[in-house]
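# Observations on the three-dimensional arrangement
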Amino acid sequence: MGTGVIRLTEVKKDTNINKEEQIKRRQVMAVKAAFVAMAPEADAERHRTTIKTPKLELISVVADLGNFDQVVDVCRKLVQNEGVQVLILCPGFSHQEVAEVANAVGDGVPINVARGDTPSVNLSRRIFKEAGW
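Description of the structure in this document. (Residues numbered from 1 in each chain as written. Predicted model: local features only at pLDDT ≥ 70, side-chain atom pairs only at ≥ 80, totals over all residues. Heavy atoms only, no water.)

With that settled, consider helix 3 (residues 95-105). V98, V101, A104 and V105 are the residues of helix 3 that are buried. Angularly, the buried residues of helix 3 cover 125° about the axis, an arc narrow enough to put them on a single face. Seen from the open side of helix 3, the exposed residues pointing more than 90 degrees away from its buried face are H95, Q96 and N103. (Buried < 20%, exposed > 50% of the residue type's maximum accessible area, 1.4 Å probe, protein only. Helix = DSSP H or I, 4+ residues; strand = E, 2+ residues; numbered from the N terminus. Arc of directions from axis to C-beta.)

Okay, structure coming up:
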């Protein structure tokens, strides 16, 4: 019994469609994700980068640690204006802040938070403290 899933490579040739259109139909869209971090003295407009692979487009944005409203606005714009499908937040986000971001971007956008185990968190805390955070 079949799974009901049609693999893109199994799409039959349609002689009424040109070759370019057939290729487009077989291509799988890249996932568009964004990692959002907060840091002192960051500017979300300037401190960002994009990495593109055939299957993933990852936008990284660093927003000002002292301006959470800006962070929420950045996340909302990433989803609404740039088509981001998945958000990944740095460990500095509290549960309440994650909820605020989730409310701002709406249903259907998974919000992941990069968290470490206790030894990693403690080590990270020391590193950031030594750096003057």
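Applying the stated criterion to the full structure yields 6 salt bridges. The partner of D43 in a salt bridge is R46, and the shortest N-O contact between them spans 3.6 Å. With its nearest N and O atoms 3.2 Å apart, the salt bridge here joins D73 to K77. With D73 and K77 both in helix 2 (residues 68-80), this residue pair falls 4 residues apart, about one helical turn. A single salt-bridge network, built from bridges that share partners, covers D73, R76 and K77. (Salt bridge = Lys/Arg side-chain N within 4 Å of Asp/Glu carboxyl O.)

Turning our eyes to something else, we now look at the packing of aromatic side chains. Counted by the stated rule, this structure contains 2 aromatic pairs. Judged by centre distance (6.2 Å) and plane angle (65°), the ring pair of F68 and F93 falls under edge-to-face. Taken together, the residues span a long stretch of sequence, with F68 in helix 2 and F93 in the loop between strand 4 (86-89) and helix 3 at a distance of 25 residues. Residues F68 and F93 agree in their burial class; the two are buried. (Phe/Tyr/Trp six-rings, centres within 6.5 Å; stacked < 30°, edge-to-face > 60°.)

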